[in-house]
Every structure is written in structure tokens, then in C-alpha cells.
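Residues per chain, in single letters:
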Amino acid sequence: GDDLAITGTDNVFTNNGIVTSAAGTNITTGLRTVVNQNGGELSVGGTFVLGGGFGGPSTFNFNGGTIPGEISMTGTSRLNIGANSTGRARFVFTNGSQGFLSGTIAADQEIVLRALGTSSRQVDFASNVVNNGLISLESEAGSIHAVEIGIATGTLINNNLIEMTNGGLYDAIVRRSIRGSIKNI
């Protein structure tokens, strides 16, 4: 299928219906793009990459609906999970720098922090993020870089599972950490 590039700066993409990308299709966003998934389905058959860098972060607001497939959060991108967001979704923070997450992770939602061979991955969590789903801290095979959750204020409230997965060859020296307060319930 054809790729889709949401180019430019300060774009807003809002979905309340059905958006489907075919297998192998790449969707990329421009600088400081805001994606609002408010309802319906955002079906990702290939890749959907939300970026952020020195010019400012892009933001994904997951307010409702479902996301079959995976959203890649790169650079300084931000993920806000809204109060009414209980549908299935998988968000993967990768490609270095420092991302951000806020909200409550629902039972069918997964947050992955992945260090690649060339970069560490840190995601700062807003005050009092609640995990009812799955948080994974992992490294790509061969990576020697750190994966870290940063909690500056408040507490990460964990009602389900936080897992540290193995990256292979250098797994013994890869640091996976949570910096701040966590409450396991």
C-alpha cells in the first residue's frame, strides 16, 4: 500500500471513525503533530510513527476507541491516555531521548519502553499514573543502553504487571529501572 506522511508543523489529526492502514504501510507525522484518537478504530497494519525532537514533541491523545496494531513513540513524543480510554492499544516508546506518559493504562493496553542498539530510552510518567494493563521495559538484542521510567512527583500505582524483558547478548549489563515511587497493589 501507499505510505502516508502527515508533513509540516503543528498539524492536528482527529479520528472518531475508522482508519485502516494496510500491512507494510508506513504512517509518519510532522513536527509537533497532535493525534486525537477519540473513538472508533485506528487499525495499524504497518507502522505508525509519532516523533518529537528539539523543535518540540508530538502528542498522541488516546481518548477512546481501539488501536489494533502498534503506535511507535519516538524522541520526545508524549502520550496522554484519557479517562474514557479503555480500548485495546499498544504504544512502544523507542529511539532515544525522553518521552512522556500520563493517564490510566487500561487492562487491554500495553506500554513498552524499548532501548535499541544505538540509544537508551527514558519516559517520564506524570504524577499518579495508574497501571491496570502491562508496562514492559525491554532492550533490543545487542543493545547496551538503559531503559528507565522516571517519576518526578507522585507515585506509579501498579495494579497489574510491570515486566523487564531480556534483550539477549548484553542483557546482564543493560539497566532497566524505575526512578521514583511505585505502589504495588
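See above for the structure.
I will try to describe carefully the structure that is included in this document. (Residues numbered from 1 in each chain as written. Predicted model: local features only at pLDDT ≥ 70, side-chain atom pairs only at ≥ 80, totals over all residues. Heavy atoms only, no water.)

A few words on the packing of aromatic side chains. Tallying each qualifying case throughout the model produces three aromatic pairs. Seen in terms of ring centroids, Phe-48 and Phe-60 are 6.3 Å apart; in terms of plane orientation they differ by 80°. Their pairing is edge-to-face. Pair noted here: Phe-48 is in strand E7 (residues 47–50) and Phe-60 is in strand E10 (residues 59–62), with a separation of 12 residues, a long-range link. The same class applies to Phe-48 as to Phe-60, namely buried. In textbook terms, an aromatic cluster arises when at least three aromatic residues are bridged by ring pairs, as seen for Phe-48, Phe-60, Phe-62 and Phe-91. The side chain of Arg-78 reaches across the aromatic face of Phe-100, ending 4.0 Å from its centre. (Phe/Tyr/Trp six-rings, centres within 6.5 Å; stacked < 30°, edge-to-face > 60°. Helix = DSSP H or I, 4+ residues; strand = E, 2+ residues; numbered from the N terminus. Buried < 20%, exposed > 50% of the residue type's maximum accessible area, 1.4 Å probe, protein only. Lys NZ or Arg CZ within 6 Å of the ring centre and 35° of its normal.)

Glancing now at the sheet that holds strand E20 (residues 161–164). Taken together, the eight strands give an open sheet; going across it, the order is E1-E4-E7-E11-E13-E15-E18-E20, and neighbouring strands pair in parallel fashion. Of all strands in the sheet, those with a lone pairing partner are strand E1 (4–9) and E20, marking the two edges. Across the sheet, the mean angle separating the axes of adjacent strands is 15° when strand polarity is ignored. The pairing of strand E15 (residues 109–115) with strand E18 (residues 134–139) spans six bridges and is classified as parallel. Bridge pairing in E18 places Ile-111 opposite Ile-135. (Pairing = 2+ DSSP bridges. Axes fitted to C-alpha atoms, helices over the stretch in contact; angles between N-to-C directions.)

Looking now at unusual backbone geometry. You will see that Asp-10, though not glycine, has its phi angle at about 60°, which is positive. In this structure, Asp-10 sits in the loop between E1 and strand E2 (12–15). We classify Asp-10 as partly exposed; its relative accessible area is 47%.

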